[in-house]
Amino acid sequence: MRYLVLSDIHGGSAELSQALSYFDRYHCDYIVLLGDLLNHGPRNKIPDSYEPPKAAQLLNEHSTHIIAVRGNCDSEVDSMMFSFPCNAPYGYLLVPDPQGKDEHGKTKVQRIFLTHGHLHKIDSPDGSGINELRDKLGLRENDIVLSGHTHVAGVFMKPSGLVNINPGSTTIPKGGTKAGFGLILEDRIELHDLDDNLVARYDFVFS
């Protein structure tokens, strides 16, 4: 199973169209949307390609292949534009080890926690209590927290043992990163910019 991961689209239809072209190019089965789909957000400059109805139309064309969580800029009014559910605060993916069952007949998995990034905290200002924050979410070492919100693409190793992976924004990149997308493949996650240059890679730790 392969997934195209998009976040922080903020109504940018031209960039979304380019990002969606990789769905077929990489033979993906589903699209993971990490929130902030249509509204530009009051702190952001309105994108030149800002067309929320067009962006909604492009996503609805893939409605039967979408897994979505809600962002801080997503509203119930926004959700009325879609023919797929998009108001969940979080979700999970379990990616099975492509090597199959181990000697005990168990299939190891990579657990991936899906969230926008504004609700479920995995960091604290002074670095204290991070293991408690992890445990409160039912997570464990080597689990991946796949989130957006910051618009900064990258793989961030946390002291709690969690791995925070952010595909960045398709439309309004920040922190010196480029607009891009993510790919969940059989044994890894890759981050690419919209020109399909590989930005980062994380190999799964199956357990």
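Residues numbered from 1 in each chain as written. Predicted model: local features only at pLDDT ≥ 70, side-chain atom pairs only at ≥ 80, totals over all residues. Heavy atoms only, no water.

Give me the overall build of the protein chain: which residues, what numbers.
Along the protein chain, the regular secondary structure elements total four helices and eleven strands. Seen through its principal axes, the protein chain has C-alpha atoms that stretch 50 × 40 × 30 Å. Per-residue burial over the protein chain gives 53% buried out of 207 residues. Within the protein chain, counting contacts between residues at least 6 apart in sequence, those at least 24 apart form 60% of the total. (Helix = DSSP H or I, 4+ residues; strand = E, 2+ residues; numbered from the N terminus. Buried < 20%, exposed > 50% of the residue type's maximum accessible area, 1.4 Å probe, protein only. Contact = heavy atoms within 4.5 Å.)

Got a sec to walk through the nonpolar core? Specific residues and values, please.
Leu4, Leu6 and Leu33 are the most contacted members of the largest nonpolar core, which totals 28 residues. Going through the elements one at a time, strand 1 (3–6), helix 1 (13–25), strand 2 (30–33), helix 2 (52–60), strand 3 (66–68) and strand 9 (180–184) are the ones with two or more residues in this core. Among the elements that take part in this core, helix 1 stands out by supplying five residues, more than any other. Contact partners of Leu6, with chain neighbours within four places excluded, come to Leu16, Ala19, Leu20, Ile31, Val32, Leu33, Leu34, Thr170 and Phe181. Judged by nonpolar contacts, the second largest core, of 20 residues, contains Leu93, Ile112, Ile165 and Phe206. (Core = buried A, V, L, I, M, F, W, Y, C linked by side-chain atoms within 4.5 Å.)

Please provide a residue-by-residue account of the pattern of salt bridges, values included.
Evaluation of the coordinates by the stated rule reveals eight salt bridges. Residue Arg2 pairs with Glu186 through a salt bridge whose shortest N-O separation is 2.9 Å. Of this pair, Arg2 sits in the segment before strand 1 while Glu186 sits in the loop between strand 9 and strand 10 (188–193), placing them 184 residues apart in sequence. Linking Arg140 and Asp143 is a salt bridge whose minimum nitrogen-to-oxygen distance equals 3.8 Å. On the basis of relative accessibility, which here comes to 36%, the residue Arg140 falls in the partly exposed class. Among the residues examined, Asp143 registers a relative accessible area of 3% and is labelled buried. One salt-bridge network, held together by shared partners, links Arg111, Arg140 and Asp143. (Salt bridge = Lys/Arg side-chain N within 4 Å of Asp/Glu carboxyl O.)

Please give an account of unusual backbone geometry that cites residues and values.
Phi is positive for His27, close to 55 degrees, though the residue is something other than glycine. Along the chain, the position of His27 falls in the loop between helix 1 and strand 2. Classification of His27 as exposed rests on a relative accessible area of 61%. Backbone geometry places Asp36, a non-glycine residue, at a positive phi of 55 degrees.

Break down the side chain of Thr171 for me, with residues and values.
With respect to the helices and strands, Thr171 occurs in the loop between strand 8 (163–166) and strand 9. The class for Thr171 is buried, based on a relative accessible area of 13%. Among the polar contacts made by the side chain of Thr171, one reaches the side chain of Thr170 at a distance of 3.0 Å. (Polar contact = N/O pair within 3.5 Å; in protein donor to acceptor, adjacent residues only side chain to side chain.)

Just give me the short version of the packing of aromatic side chains, but keep the residues and values in it.
For the structure on display, the rule yields eight aromatic pairs. On the basis of an interplanar angle of 20 degrees and a centroid distance of 4.4 Å, the ring pair of Tyr22 and Phe181 is categorised as stacked. With Tyr22 in helix 1 and Phe181 in strand 9, this pair connects stretches of sequence that are 159 residues apart. (Phe/Tyr/Trp six-rings, centres within 6.5 Å; stacked < 30°, edge-to-face > 60°.)

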